[in-house]
Amino acid sequence: MSKRIGMEIAMAAAEAVALCRPDVIAAYPITPNTHIPEHLADIVADGDLDCEYIAVESEHSALSACTGASAAGARVFTATSSQGLLYMYEIVPVVPSMRLPVIMCLGNRAISGPINIWNDHSDYMCVRDLGWISMFASNGQETIDMCIQAFKIGEHADVMLPVLVNLDGFQLTHVVEAMMMPDQEEVDKFLPPRKPFAALHPDNVVSMGTLGLPDIYNEAKKANDEALINSKKVILEIWKEWETMFGRKYEPIMSYKANDADVLMLTMGSMGETAQVAIDELRKEGFKAGLLDLKLYRPFPADELKKAVKGCKNLIVIDRAVMSGGAAAPVCAEVKSVLYDEPDRPVITNDIIGLGGRDVRVEDFIKIFKKAAKAKPERAYEIYGVRG
Amino acid sequence: MTEKKWPETWQDTNPGLMIFKPGSSRSYLTGGWRAQKPIWDNTKCIKCGVCYLFCPEACITEDAEGFFMADLNYCKGCGICYHECWPRAIKMVED
């Protein structure tokens, strides 16, 4: 039976990962994800989890060790943030290209410079196109649920891909929240031991991470892209199974008061809960406001988005990263690309908010909402609240 | 069954391009990369085997008499054997 707990979300994520019985964990501490691998190290040191915990000297080694362990058939986990992710960058695209399930928590944090340890999504945006299934949690409950789901999704025979569970640094990692923590029996029932497609073993020779020259590189890329696109089917199935077992619903795009809304706001990560309060306030003032919360960023839920915005007049996309010199901020660029061919697409505006940990308040969403409802801005995107 | 050199379509590829048959790099002939090839003058060769040791492709073999030659299916023409051969028994010539 699940137990109601009050715990810091990073530590709860570690507890949830421990329930998944990982064979190998390799991680290097970096703010703000640190408490996840730190607490897992405690759990292993206390003898509560039979797991090889590799204390590596860098993130580059952390993901390399995880890749090797996954190739050997192990269930593996790592976690990082910001500069740590950039330090392991070289290995990040290798993992999906080898079709190896590795589960990674990313405590989202701004990237340097200027040096900043606080939250935004600019670290994730560096790796969004590298082939990992990517989810964004809005709160503690979703974080622990997604950690457990991630193993089942990534290791599924029709998927075989690494999964990133994004949780906003500090806003989620360091916040104490009330959560329902599944027990070992429930997780064992939901998540059977990993059955790898192939594993490195002297008795069964297999080469992984092979050379792909011009004669085969195109085909390899296409196969990987198809695998990621097709993983959505399995993700939806597993989320359905989760809902049946635990009663908590997951969809690629969750909506809040969106059915009859004229103006929709789209957010990702912990901002969604703040935005919900703003939607309530706007509804009180008579606006037909609604919220879309993007849970699954890769594979991008294009069909779900098209369906979700049907009938709305304005769509406000809230980004938490700058795509420097780009056509829009990253989420909005993707949203616009999906909706371009829709005959009745809404007017789309794009605000970047909460960079480098700048507070994101209910009144900010209300201001953005009222501004967007009035007129289309001159520029494709704006950094909300910037001085000057 | 004749074995294909490459999977023809993306659907034919193994997940992650995994290869289940050992020694598959042998079927990848790299000789086509070559612009020049090494030629041995066995009157100068002292059979020291330096060329054999330094060949990064490991495509140089020793014959029954103890002289050396490159397997041109794999020799990329890098010229390291030529560079290392101190009795100057190896010459690089246009292929």
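If you're wondering where the values come from, they're calculated on a predicted model, not measured in any experiment.

**Points about the overall build of chain B**
Right, on to step 1. Counting secondary structure elements, chain B contains two helices and four strands.
Right, on to step 2. Along chain B, helices (α) and strands (β) appear in the sequence β-α-β-β-α-β when read from the amino end.
Right, on to step 3. Split into buried and exposed, the 95 residues of chain B put 33% on the buried side.
Right, on to step 4. Put simply, chain B shows about 6700 Å² of open surface, and 54% of that area lies on carbon and sulfur atoms.
Right, on to step 5. Seen as two clouds, the 11 positive and the 12 negative side-chain charges of chain B have centres 2 Å apart.

**Looking at the sheet that holds strand β15 (residues 382-383) of chain A**
Strands pair in a sheet through their backbones, by hydrogen bonds, and they do so in one of two ways: parallel or antiparallel.
All names here are of chain A.
Right, on to step 1. The six strands are arranged β9-β11-β10-β13-β14-β15 in an open sheet whose pairing can be described as mixed. Since the sheet does not close on itself, it has two edges, and those belong to β9 (253-256) and β15, each with one partner.
Right, on to step 2. Seen against the sheet, helix α10 (residues 271-284) touches β9, β10 (263-268), β11 (289-294) and β13 (314-319) and runs at an angle of roughly 170 degrees to β11.
Right, on to step 3. Sitting on the sheet, helix α13 (residues 362-374) touches β10, β11, β13, β14 (347-352) and β15, and the angle it makes with β13 is about 140 degrees.

**As for the pattern of salt bridges**
Residues and elements named next belong to chain A.
Right, on to step 1. Applying the stated criterion across every chain yields a total of 28 salt bridges over all chains.
Right, on to step 2. Two residues, Glu243 and Lys240, come together in a salt bridge whose shortest N-O distance is 3.7 Å. One end of the pair is Glu243 and the other is Lys240, both in helix α9 (residues 214-246) and three residues apart, which spans about a single turn.
Right, on to step 3. Given the relative accessible area of 25%, Glu243 is considered partly exposed.
Right, on to step 4. When its relative accessible area of 52% is taken as the criterion, Lys240 is described as exposed.
Right, on to step 5. A salt bridge links Lys257 to Asp280; its shortest N-O distance comes to 2.7 Å. Of this pair, Lys257 sits in the loop between β9 and β10 while Asp280 sits in helix α10; the two residues are 23 residues apart in sequence, bridging distant segments of the chain.
Right, on to step 6. For Asp280, a relative accessible area of 24% corresponds to the partly exposed category.
Right, on to step 7. Through salt bridges with shared partners, a single network forms among Arg128, Asp129, Arg298 and Glu334.

Calculation notes
- Residues numbered from 1 in each chain as written.
- Chains lettered and ligands numbered in written order.
- Predicted model: local features only at pLDDT ≥ 70, side-chain atom pairs only at ≥ 80, totals over all residues.
- Heavy atoms only, no water.
- Helix = DSSP H or I, 4+ residues; strand = E, 2+ residues; numbered from the N terminus.
- Buried < 20%, exposed > 50% of the residue type's maximum accessible area, 1.4 Å probe, protein only.
- Areas by Shrake-Rupley, 256 points an atom, 1.4 Å probe, with all protein chains shown as cover.
- Lys, Arg positive; Asp, Glu negative; His and termini not counted.
- Charge placed at Lys NZ, Arg CZ, Asp CG, Glu CD.
- Pairing = 2+ DSSP bridges.
- Contact = heavy atoms within 4.5 Å.
- Axes fitted to C-alpha atoms, helices over the stretch in contact; angles between N-to-C directions.
- Salt bridge = Lys/Arg side-chain N within 4 Å of Asp/Glu carboxyl O.

The analysis is restricted to geometry; functional conclusions fall outside its scope.
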